[in-house]
Amino acid sequence: KAASKVIGPNLTACHPSYGRPDLLVYCCPAGFETPGPFVDFQFPDPKSPLRVRRPAHLLDENYIAKYNKALSIMKSLPYDDPRNFVRQANLHCLFCTGAYEQQNSDTPLNIHRTWLFFPWHRMMIYFHERIIGSLVGDDTFALPVWTWDIPEGMMIPDFYVNRSLTFFHSERDFSHFPPQMADLNYVSDRNLSPEDQLDTNLAFMYSQMVSGARKTELFMGCTYKANEGYCNAPGTVESAPHNTLHTWIGSNLNPGREDMGKFYSAAKDPIFYAHHSNIDRLWEVWREIHNHQLDIKDPDWLDSFCLFYDENLKLVKIKVRDVLDITKLGYSYEEVDRPWLEKRP
Ligand code: C2O
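Not measured: the values here are computed from a predicted model.

**Here's the deal with the packing of aromatic side chains**
Scanning the entire structure with this criterion turns up 27 aromatic pairs. When the centroid spacing of 5.8 Å and the interplanar angle of 75° are considered together, the rings of Phe41 and Tyr126 count as edge-to-face. One end of the pair, Phe41, is in the loop between strand 4 (39-40) and strand 5 (51-53); the other, Tyr126, is in helix 3 (residues 117-135), and 85 residues separate them in sequence. For Phe41, a relative accessible area of 11% gives the class buried.

Below is the structure:
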């Protein structure tokens, strides 16, 4: 039997890491580096209500008020509580800058630009969503989805640019606030008319979701295994719109277009979570387009794992195989049109 090459972090040794080539950052949970015991992941009770993630532009005042309240509670929790907003944001920093080594190895763990991209972010926002819900006592709470791939969703959703709400964030490019349309393949501003930007975006979605993603590795990213080095080849959607929208949101006044523009700082912007719900939804759409025939079956991927604190402050070890059925995870996506499916360039 071949030795297992599953990837997982060694949480006992957190260290400073490069947030961009010229910037050493420290996102370890200072004072709490040594984690206590963990439990294995368990699915939520199948009788608990389904959390339905809805497009952000359709959410009503009650929802926004509730989420706003939860986020302010999260921001006010003490730093020693892993549900604290900065601690949540730093999870992304930790696993995206190589602040932890892999188990039994001195190679840093890095979840971007590999096949861990989709499952790792699913895990992160799964726990985040349940923590948010528990802070306001709502076990139906579901994250909003920034559906930037449909015409109605191509601007930053309104509540994220409302200065009186916790979703507002100053480290952004203000010239990209509504009514500016998102450029899903953003490199620099190209000043297209709204109609041209819309068409360009839909055609681009077609190539990233369909024509450019007909093989597993093209969509999922490269095979990343323990003791084989970092593979560094992202899937289509991870490269763009995922990376490009990070850049598009981040502030033009910061050297790395922080906060969203760099992974060490990205999750400090509340829009990160709505952006990633859409990424997570599009993973499901791609799987559905291929009737799950292109799903990865490699046990090294299925058994790769990470650890997160849950809403009850328990440290949970969760494997990629645990996050492949979202119904079992207790959430779903409201049906969203796929206008780009017809947009073969
Ligand atoms: Cu880990 Cu949107 O990035």
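**Some words on the packing of helix 2 (residues 85-96) against helix 3**
For the pair helix 2 and helix 3, the least separation of the axes is 11 Å and the interaxial angle reads 175°. Judged by the inter-axis angle, helix 2 sits roughly antiparallel to helix 3. Residues Phe85, Gln88, Leu91, His92 and Phe95 of helix 2 form the contact with helix 3, whose own contacting residues are Trp120, His121, Met124, His128 and Ile131. For the contact of helix 2 with helix 3, the residue count by class is six nonpolar, four polar and no charged.

**Details of the pairing of strand 8 (residues 315-319)**
Bridge analysis of strand 4 against strand 8 gives two bridges, and the strand direction is parallel. Bridging from a neighbouring strand, Val39 pairs with Val316 of strand 8. The pairing of strand 7 (residues 305-309) with strand 8 spans five bridges and is antiparallel. Opposite Leu307, over in strand 8, you have Lys317 as the bridge partner. Count of turn residues in the strand 7/strand 8 antiparallel hairpin: five residues, of which Leu313 carries a positive phi of about 65°.

**Description of the state of the cysteines**
Note: disulfide means a covalent bond formed between the sulfur atoms of two cysteine side chains. The tally for this structure, following the rule as stated, stands at three disulfides. A sulfur-sulfur separation of 2.1 Å characterises the disulfide bridge that pairs Cys14 with Cys28. Here the disulfide of Cys14 and Cys28 is left-handed, its torsion about the S-S bond being about -95°. With Cys14 in strand 1 (residues 9-14) and Cys28 in the loop between strand 3 (23-25) and strand 4, the pair connects residues that are 14 residues apart, well separated along the chain. Here Cys14 matches Cys28 in class, with each residue buried. Shown here for the chain is a disulfide pattern of 1-3, 2-4, 5-6, where each number marks a bonded cysteine counted in sequence order. Left without a disulfide partner, Cys96 is nearest to the cysteine sulfur of Cys93, which lies 7.8 Å away.

**A closer look at the sheet that holds strand 7**
Strands sit in the order 4-8-7 across an open sheet of three strands; the sheet is mixed. The outermost strands of the open sheet, each flanked by one partner alone, are strand 4 and strand 7.

**Considering the side chain of Thr147**
With respect to the element layout, Thr147 can be found in the loop between helix 3 and helix 4 (194-211). Under the relative-accessibility criterion, Thr147 is labelled buried at 0%. For Thr147, the residues in contact, after removing those within four places along its chain, are Pro55, His57, Gly153, Met154, Asn278, Arg281 and Val336.

**So, unusual backbone geometry**
In this structure, Pro241 follows Ala240 across a cis peptide bond, with omega equal to 10°. Checked against the element boundaries, Pro241 lands in helix 6 (residues 236-249). In this model, Glu258 is joined to Asp259 through a cis peptide bond whose omega is 5°. With respect to the secondary-structure elements, Asp259 resides in the loop between helix 6 and helix 7 (263-266). Even without glycine at this site, Leu313 takes up a positive phi of about 65°.

**Quick notes on helix 4**
An ideal rise of 1.5 Å per residue puts 26 Å on 18 residues; helix 4 measures up with 24 Å between its terminal C-alpha atoms. Along helix 4, the residues that are buried comprise Gln197, Asn201, Leu202, Phe204, Met205, Tyr206, Gln208, Met209 and Val210. Check the buried side of helix 4 and you find it contacts helix 5 (216-220), helix 6 and helix 8 (271-289).

**Let's talk about the nonpolar core**
Taken as a class, soluble globular proteins show a tendency for nonpolar side chains to be buried jointly. Judged by nonpolar contacts, the single largest core of 104 residues is most densely connected at Tyr67, Phe95, Met209, Tyr273 and Trp301. If you tally residues by element for this core, the top one is helix 3, at eleven residues. The residues contacting Trp301, other than those within four sequence positions of it, are Trp115, Leu116, Pro119, Met220, Trp283, Ile296, Val320 and Leu324.

Here is what the cut-offs are and how they apply
- Residues numbered from 1 in each chain as written.
- Predicted model: local features only at pLDDT ≥ 70, side-chain atom pairs only at ≥ 80, totals over all residues.
- Heavy atoms only, no water.
- Phe/Tyr/Trp six-rings, centres within 6.5 Å; stacked < 30°, edge-to-face > 60°.
- Helix = DSSP H or I, 4+ residues; strand = E, 2+ residues; numbered from the N terminus.
- Buried < 20%, exposed > 50% of the residue type's maximum accessible area, 1.4 Å probe, protein only.
- Axes fitted to C-alpha atoms, helices over the stretch in contact; angles between N-to-C directions.
- Parallel < 35°, antiparallel > 145°, perpendicular 65-115°, else oblique.
- Contact = heavy atoms within 4.5 Å.
- Nonpolar A, V, L, I, M, F, W, Y, C, P; charged D, E, K, R; others polar.
- Pairing = 2+ DSSP bridges.
- Disulfide = S-S within 2.5 Å.
- Expected span 1.5 Å × (residues − 1).
- Core = buried A, V, L, I, M, F, W, Y, C linked by side-chain atoms within 4.5 Å.

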